Amino acid sequence: MTHPTDPGRRRFLTRGLLTGGTLMLAGCDQLSRSDAMQRLFAASEGVTQQAHRLLASREALAREYAPDDIAPTFRANGTTMPREADYQRLAANDFRDWRLEVDGLVERPQAFSLDDLRAMPARTQITRHDCVEGWSCIGQWTGAVLGEVLARVGVRDEARFVVFHSADRYRGGEPYYESLDLREAYHPQTLLAYDLNGRDLPIANGAPLRLRAERQLGYKMAKYVMRLELVSSFAHLGRGRGGYWEDRGYRWWAGI
Amino acid sequence: MRLLDDTRKAPRPTVIKRHSAFTRLWHWINVVCLAILLMSGLQIFNAHPALYWGKDSTFEAPALSIGAERDEDGSLRGITRIGDLRVDTTGVLGVSGPSTDRERRAFPAWATLPGPRWLAMGRQWHFLAGWVFAPLLAAYLLYLVASGQLRRRLLPRRREWRQVGTTVTDHLRLRFPRGEEARHYNLLQKLAYLVVLFVVAPLVVLTGLTMSPTMDAAWPWLLDLFGGRQSARTLHFLAAAALLAFFVVHILLVLVSGLGNNLRSMITGRYALPPDHALPTKKETRDDASH
């Protein structure tokens, strides 16, 4: 005996499955947002950071590559041309009027021109940039060692983080900013980079100055840096999570 | 009378203790962890749906990519590329969702955690589940070695290698060991568990760690071991696919070799040896007679 196919029943079953699936997915999303899960995620981030710091010493260096490994074009991500009028004016004049302000919890607040930074102890390194999306790109960076800049202004004892304020508002929204703790800020490969692959940093990659923190993901490495602020807490900035992407759900610890 | 009746029935099967409490607990935690890891992993993959070999991303020549294109009549087509091969995967890969509301995304919403595009949340699920999976895996492997179970239950014996042909054909015909033979894993089971436990699972953990820039500073040998971060990412994806393949075969074999008995052995630990005296087929009778 053969059973006639019953399209009504099949449709009912399919719909039931789809609805069930949708409900389950919605349930997962609600779970993602619940306080209990948020606490678990925060705990997991804490363990990840501690484990990383247990295994990677203060000085442990990111891999440096050979000139042959440099990518033909360094991929630009996020903002590639800030539209802000102030920035455009600075760019029109080849950043001659640009100054890096360093203030907050420092002994001697100062402003540095590009020439000032180029005259400071520099480092050149060929490193791999890892985006949180999953891709990697190798480039050669030259810049002032951040630790030297911090020594010049004198970091006060209460300071715990360096905040990097950028000129751009990503997609015209809120200002871009990022933060590192002092351990990462004083790492020998952490640079305020002004050259990429032996030439002036292009605007797409953050001219005139971008952060390089080679043991972190790309979103940490603020481009179009205008100001460094030393703080004991970043609760008063943005939405209080220590960075533009952190304010949008990405974790502050971006070493993974 | 009852006594007589009982003797006429089949004898009660021998019940053995098959899985320790640790094994059973570990197994069910893994079910949850691996589901979360796989689905959140696909969410993370969707943020950059391409794989590469080497140190960094050769954007023009990915080893695999999943994308979307518009064809002549303007409809979206999901296109999966593996090397030079191009496959239209509309509906599942590249373009998916209800036909009225097609969405460009590598893996479909039903396969990712969370469902909508949400990389930040996918990462949080992935790392949280990873923190449960990886330490427990290490503990379980140590337990297998230290308790002697690795040697006693998983390492193949010379005799088994000699019978490899029979074991394979029996498996393909879905004829599973019965009676005393069912006390032990057969060669194929042993090899599958050994490869998954000691090769694929450690590979998936280590290639995952290689994607962390801080881990690369801590353990630079990871980059050399896997041929660079992007190679590690590709291997991570392949190892996850291997785990998924294992899962599918595992479920199928559990279903066809006695769902209830298998399930019970993974819940209570008790496994009834399938009775030895199943009705012999004609061929078996003839074989027996010829001995």
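- As named in an unreviewed UniProt entry, chain B is Cytochrome b/b6 domain-containing protein, taken from Halomonas pelophila.
- The record in UniProt for chain B states the following under Subcellular location (unreviewed entry): "Cell membrane".

- As named in an unreviewed UniProt entry, chain A is Molybdopterin-binding protein, taken from Halomonas pelophila.

## Quick notes on the overall build of chain A
And then number 1: Helices and strands together make up the secondary structure of chain A, namely 6 helices and 10 strands.
And then number 2: Buried residues in chain A amount to 38% of all 256 residues.
And then number 3: Long-range pairs, those at least 24 residues apart, make up 68% of the contacts in chain A with a sequence separation of at least 6.

## Side note on the UniProt feature "transmembrane region" (unreviewed entry) in chain B
All names here are of chain B.
And then number 1: The feature "transmembrane region" (unreviewed entry), as annotated in UniProt, sits at residues 25–45, 125–146, 191–215 and 235–256 in this numbering.
And then number 2: Segment residues 125–146 splits into 100% helix and 0% strand. End C-alpha atoms: 32 Å apart.
And then number 3: Span residues 235–256 is 100% helix and 0% strand, its end C-alpha atoms 31 Å apart.

## What to know about the interface of chain B and chain A
Quoted interface sizes are often the accessible area lost when the parts come together.
And then number 1: Taken together, the contact pairs 32 residues of chain B with 39 residues of chain A.
And then number 2: When contributions to the side of chain B that touches chain A are tallied by element, the ones reaching two or more residues are α2 (21–47), α3 (119–146), α8 (213–218) and α10 (229–256) of chain B.
And then number 3: By residue class, the composition of the side of chain B that touches chain A is 20 nonpolar, 7 polar and 5 charged.

## With respect to the sheet that holds strand β2 (residues 50–51) of chain B
Two modes of strand pairing occur in sheets, parallel and antiparallel, and in both the strands are linked by backbone hydrogen bonds.
All names here are of chain B.
And then number 1: In space, the 4 strands of this open sheet follow the order β2-β3-β4-β5, with antiparallel pairing throughout. Two strands close off the open sheet at either side, each with one partner strand: β2 and β5 (85–88).
And then number 2: Note: strand β3 (residues 64–70) against strand β4 (residues 76–82), 7 bridges, orientation antiparallel. From the neighbouring strand, I66 faces β4, where its bridge partner is T80.

## Notes on the UniProt feature "domain: Cytochrome b561 bacterial/Ni-hydrogenase" (unreviewed entry) in chain B
And then number 1: Look at the UniProt record and you will see "domain: Cytochrome b561 bacterial/Ni-hydrogenase" (unreviewed entry) annotated at residues 18–269 of chain B.
And then number 2: Along residues 18–269 of chain B the backbone is 59% helical and 10% strand, and the end-to-end C-alpha distance reaches 5 Å.

## Brief notes about the nonpolar core
And then number 1: Counting 48 residues, the largest nonpolar core has A:V162, A:F164, A:L192 and A:V225 as the members making the most contacts within it.
And then number 2: Elements represented by at least two residues in this core include exactly α3 (85–92), β1 (100–104), β4 (136–145), α5 (146–153), β5 (161–169), β6 (175–181), β7 (191–196) and β10 (225–231) of chain A.
And then number 3: In contact with A:V225, other than residues within four places in its own chain, are A:L100, A:F164, A:S166, A:L192, A:L209, A:R210 and A:L211.
And then number 4: Membership of the second largest hydrophobic core comes to 36 residues, among which are B:M215, B:A217, B:A218 and B:L222.

## Some remarks on unusual backbone geometry
Keep in mind that most residues, glycine aside, have a negative phi and that most peptide bonds are trans.
And then number 1: The amide bond that connects A:A207 to the next residue, A:P208, takes the cis arrangement and shows omega of 5°.
And then number 2: Mapped onto the elements of the fold, A:P208 is located in the loop between β8 (199–200) and β9 (210–212).
And then number 3: The phi dihedral of A:N197 falls on the positive side, at around 50°, and the residue is not glycine.
And then number 4: Assignment of secondary structure puts A:N197 in the loop between β7 and β8.
And then number 5: With a phi angle near 55°, B:L174 is a residue other than glycine that sits in the positive phi range.
And then number 6: Note on placement: B:L174 falls in the loop between α6 (164–172) and α7 (187–210).
And then number 7: A tally of 10 C-beta atoms within 10 Å means that B:L174 is categorised as exposed.

## So, the pairing of β7(A)
For a regular strand, side-chain orientation follows a simple rule: the groups alternate between the two sheet faces.
All names here are of chain A.
And then number 1: Most of β7 is tucked away: 5 of the 6 residues are buried.
And then number 2: With 3 bridges joining them, β7 and β9 adopt antiparallel strand pairing. Each bridged residue has a counterpart across the sheet, and for A193 the counterpart in β9 is R210.
And then number 3: Direction of pairing for β7 relative to β8: antiparallel, over a ladder of 2 bridges.

## A short note on the domain arrangement of chain B
Residues and elements named next belong to chain B.
And then number 1: By the assigned domains, chain B splits into domain 1 (15–56 + 108–272) and domain 2 (57–106).
And then number 2: Contact residues are listed per partner, giving 14 residues for domain 1 and 13 residues for domain 2.
And then number 3: Secondary-structure elements contributing two or more residues to the side of domain 1 that touches domain 2 are α2, β2 and α10.
And then number 4: Of the residues that constitute the side of domain 1 that touches domain 2, the class distribution is 8 nonpolar, 4 polar and 2 charged.

## Some points on the sheet that holds strand β2 (residues 110–112) of chain A
All names here are of chain A.
And then number 1: Spatially, β2-β1-β10-β5-β6 is the arrangement adopted by the 5 strands of the open sheet, whose pairing is mixed. Among the strands making up the open sheet, the edge pair consists of β2 and β6. Strand-to-strand twist in this sheet, taken as the mean axis angle between neighbours without regard to direction, amounts to 20°.
And then number 2: Sheet topology places β5 next to β6; 6 bridges connect them, and they run antiparallel. If you follow R169 over to β6, its bridge partner there is P175.

Criteria and thresholds
Residues numbered from 1 in each chain as written. Chains lettered and ligands numbered in written order. Predicted model: local features only at pLDDT ≥ 70, side-chain atom pairs only at ≥ 80, totals over all residues. UniProt positions renumbered as here; feature names shortened; annotations may be inferred. Helix = DSSP H or I, 4+ residues; strand = E, 2+ residues; numbered from the N terminus. Buried ≥ 20, exposed ≤ 12 C-beta atoms within 10 Å, placed from the backbone. Contact = placed C-beta atoms within 7 Å. Nonpolar A, V, L, I, M, F, W, Y, C, P; charged D, E, K, R; others polar. Pairing = 2+ DSSP bridges. Core = buried A, V, L, I, M, F, W, Y, C linked by C-beta atoms within 7 Å. Domains from an automatic or database assignment. Axes fitted to C-alpha atoms, helices over the stretch in contact; angles between N-to-C directions.

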